[in-house]
Amino acid sequence: MNVAADQQARVREPVTRAIQLITFMVDDGKQHYGVKDIADALGMPTSSVHRLLRLLQQAAMIVRDDRGSYTLAAEFYRLAWKATSKHGLRQAAMPHLHWLVSEIDETAMLGIYDSGREQMMLVASVESAQQLRYVTELHQWMPLTHGSTGLAIFSFLPEPTRAKIITTQLADASQDELAQLRKDVEQTRRRGYALYRRHHEPATVGLSVPIWDPTAQVVGDVFVAMPAGRYHPRRERDLAEPVQIAAARITRSIGGQVDETLPLATATWQRYCAE
């Protein structure tokens, strides 16, 4: 091997070994690992494993707990989820959207949330068989605070994120509009779904339920829309429950979990996920 090739191999080797280490932790499936566990499994000297672990800690891919053990970090799961969600989530959701439409005969859609943009996009739709039905354009970024389309996502984001979105995206909103948004968020978090039937689209009623990822973060929602003439308050429960079931099943199918510290009815969600 010439000098240039030898130098290239030395540069590449730590990357290869770091990938091997991460792959081992993912495939092995345990929660915590000691240095010796990793060294024995990969056939590496413990000194090399120490160096790799320090590099991976600096990159926020792993964390070290108080006992000196190592585990995959939340940042690793965030990146892994973000890399697959836009395709995997749609694929996982489609059977449940079809089931939902068969139950309520209203158009059902899947929305995804991009935390970098702090916006959402509708990426899939299953239309109702009814002649008068809701139709919208897919694959367009939209604000979370526009009707019920994104309200279910917005309501379950961390409070600092909601505050930032309000500051940056609703700078021109009136105090009455902000007060109504706060009321909508409170109601949505309490009952577990968003219901919207006001000024943006007065001829349409929308209902949406959040979808959760494996780190208990909101990554999208199931959104149902219908002409206002087909909606009556007595129908709310009959509509909300199938949408919650569909969202819970999608959450379960991607290994997601609801943040149990939230004030929504987690027992209900657990029942839906078990169906």
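Residues numbered from 1 in each chain as written. Predicted model: local features only at pLDDT ≥ 70, side-chain atom pairs only at ≥ 80, totals over all residues. Heavy atoms only, no water.

So, on to unusual backbone geometry. Trans peptide bonds make up the majority, and among non-glycine residues the majority have a negative phi. The backbone phi angle of Ala60 is positive, close to 65°, even though this residue is not glycine. Within the fold, Ala60 resides in the loop between helix H3 (46-58) and strand E1 (62-64). (Helix = DSSP H or I, 4+ residues; strand = E, 2+ residues; numbered from the N terminus.)

By size, the foremost hydrophobic cluster in this structure holds 33 residues, and its most contacted members are Leu89, Leu97, Leu100, Leu110, Leu207, Ile211 and Val222. Sorting the residues of this core by element identifies helix H4 (74-104), strand E3 (107-114), strand E4 (119-126), strand E7 (204-212), strand E8 (218-227) and helix H8 (236-253) as the ones contributing at least two each. It is H4 that provides the largest number of residues to this core, a total of eight residues. Counting residues in each nonpolar core, the second largest holds 23 residues, with Met120, Leu151, Phe156 and Val218 among its members. (Core = buried A, V, L, I, M, F, W, Y, C linked by side-chain atoms within 4.5 Å. Buried < 20%, exposed > 50% of the residue type's maximum accessible area, 1.4 Å probe, protein only.)

Read from one edge to the other, the open sheet built from six strands follows the order E5-E4-E3-E8-E7-E6, with strand pairing classed as antiparallel. The open sheet has two free edges, formed respectively by strand E5 (141-142) and strand E6 (194-196), since each of these has just one partner strand. Pairing analysis gives nine bridges linking E7 to E8, with the strands arranged antiparallel. Pairing of Val205 across the sheet is with Met226, part of E8. (Pairing = 2+ DSSP bridges.)

This part is about the pattern of salt bridges. Evaluation of the coordinates by the stated rule reveals seven salt bridges. With a closest N to O distance of 4.0 Å, Glu236 and Arg191 form a salt bridge. Residue Glu236 is located in helix H8, and its partner Arg191 is located in helix H7 (residues 175-191); the two are separated by 45 residues in the primary sequence. Its relative accessible area of 28% is what places Arg191 among the partly exposed residues. As a salt-bridge pair, Glu241 and Arg237 come within 3.2 Å of each other at their nearest N and O atoms. Taken as a pair, Glu241 and Arg237 lie in helix H8 at a separation of four residues, close to a single helical turn. Assessed through its relative accessible area of 25%, Glu241 is described here as partly exposed. Look at the salt bridges and you will find they share partners, linking Glu106, Arg230 and Arg235 into a network. (Salt bridge = Lys/Arg side-chain N within 4 Å of Asp/Glu carboxyl O.)

None of this, on its own, says anything about what the molecule does.
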